[in-house]
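Understanding the architecture of this molecule
Letter by letter, the chains look like this.
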Amino acid sequence: MKYAVFLSVLLCAGCANRTTPEGYEGYIFHRPLIVGEATFVAGQRGPTSTGLVWRQFVQNVDMRAKTYTESFHILSKDNLDVGFAAHARASLKPGSVRSVVEELGAGDLGTNAEGRPIPEWYVRNVKQPYRTAVRDVVHQYDAYEIQSKTQEIGNKILERLREEYGDTPVLFETMSIGNLTYPAEINQEIQQKLATEQDLERMERERQIAEQEAEITVTNAEGRAAAQRIVNETLTPLYVQHEMLEGFRALSRVDRATIVVTPVSDSGGSPIVLGLK
């Protein structure tokens, strides 16, 4: 009887229901009671639990995407001191909990500025390559370019990190840089250069508009000249007489209108209008 009670207590002590919360994946492993190494059993995606199992334990890993921010202070391509922050949004690929635990590390190593835990896999396997990629890409740009090409720089860093971590559980989703800081004199030069570039763009737009207006003016002038040339070529004496007679005919239709004309000469020509009553 005593042995039965002892065995029941032992069984109860060795059994447990291990849970995994939402957004996490659980690494389920079996740990022998006395001797032997722990062995992997299975992974489970939360929210779920193992049910009542014998000597099985769960290490939960947060798989959700988070933003990992690193601060930098480096020399640009033109050897100017530039400060900025890089923001990488990364997560762990679904179903990769075993690789994370056994190859990258699944614990937490300290907390960030917001008090959130920093995962071991990031500190040991991602942080330094991530920082190196940012430094290498940003160093290819002059200080003046960094401020105007932040999106281009972020895309290059993201492409490099995705290629480097393509065969790992780490998934980089977005990448950006911001919070740029320069020495006061450099910042003033950058502002002046940006203002100059804006003035040049404005002058270029004005030049294009002036060229278009000039083209319109030339086209209109050519059209008027062509019309005048046609009129001059077709304006013969007979045509003038015809137009005059048509005018007389129109006047004659006016109620109680009397037109007094006289010929110019026997040889022809347009008559002279002496009066209109």
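Residues numbered from 1 in each chain as written. Predicted model: local features only at pLDDT ≥ 70, side-chain atom pairs only at ≥ 80, totals over all residues. Heavy atoms only, no water.

Some remarks on the sheet that holds strand β10 (residues 170-181)
What the three strands build is an open sheet, ordered β6-β7-β10; its pairing is antiparallel. Since the sheet does not close on itself, it has two edges, and those belong to β6 (66-75) and β10, each with one partner. The average angle at which neighbouring strand axes cross in this sheet is 25°, direction not considered. (Pairing = 2+ DSSP bridges. Helix = DSSP H or I, 4+ residues; strand = E, 2+ residues; numbered from the N terminus. Axes fitted to C-alpha atoms, helices over the stretch in contact; angles between N-to-C directions.)

Remarks on the pattern of salt bridges
Summed over all chains, the structure comprises 14 salt bridges. For R124, the salt bridge is made with E120, and the minimal N-O distance between the two is 2.8 Å. Of this pair, R124 and E120 both sit in helix α3 (residues 120-125), four residues apart, roughly one helical turn. Judged by its relative accessible area of 55%, R124 falls in the exposed class. With a closest N to O distance of 2.3 Å, E211 and R207 form a salt bridge. Pair noted here: E211 and R207 are both in helix α7 (residues 184-234), with a separation of four residues, about one helical turn. Overall, R207 belongs to the partly exposed group, its relative accessible area being 37%. (Salt bridge = Lys/Arg side-chain N within 4 Å of Asp/Glu carboxyl O. Buried < 20%, exposed > 50% of the residue type's maximum accessible area, 1.4 Å probe, protein only.)

A look at the packing of helix α4 (residues 127-138) against helix α6 (residues 150-164)
For the pair α4 and α6, interaxial distance at closest approach is 9 Å and the crossing angle is 140°. Comparing their axes, α6 and α4 come out oblique. As α4 packs across α6, the resulting crossing turns out to be right-handed. Contact residues: α4 offers P129, Y130, T132, A133, V134, D136, V137 and V138, while α6 offers I153, K156, I157, R160, L161 and E164. Across the contact of α4 with α6, the residue classes break down as nine nonpolar, one polar and four charged. (Parallel < 35°, antiparallel > 145°, perpendicular 65-115°, else oblique. Left-handed = near helix turned anticlockwise from the far one by under 90°. Contact = heavy atoms within 4.5 Å. Nonpolar A, V, L, I, M, F, W, Y, C, P; charged D, E, K, R; others polar.)

Observations regarding unusual backbone geometry
G46 connects to P47 through a cis peptide bond whose omega is 0°. Along the chain, P47 turns up in the loop between β3 (39-45) and β4 (48-54). Of note, the phi angle at R55 is positive, near 55°, even though the residue is not glycine. Tracing the backbone through its elements, the reader meets R55 in the loop between β4 and β5 (56-62). Judged by its relative accessible area of 15%, R55 falls in the buried class. The backbone phi angle of N179 is positive, close to 55°, even though this residue is not glycine. For N179, the location among the structural elements is in strand β10. A residue is classified by how much of its surface remains accessible, and N179, at 57% relative accessible area, is exposed.

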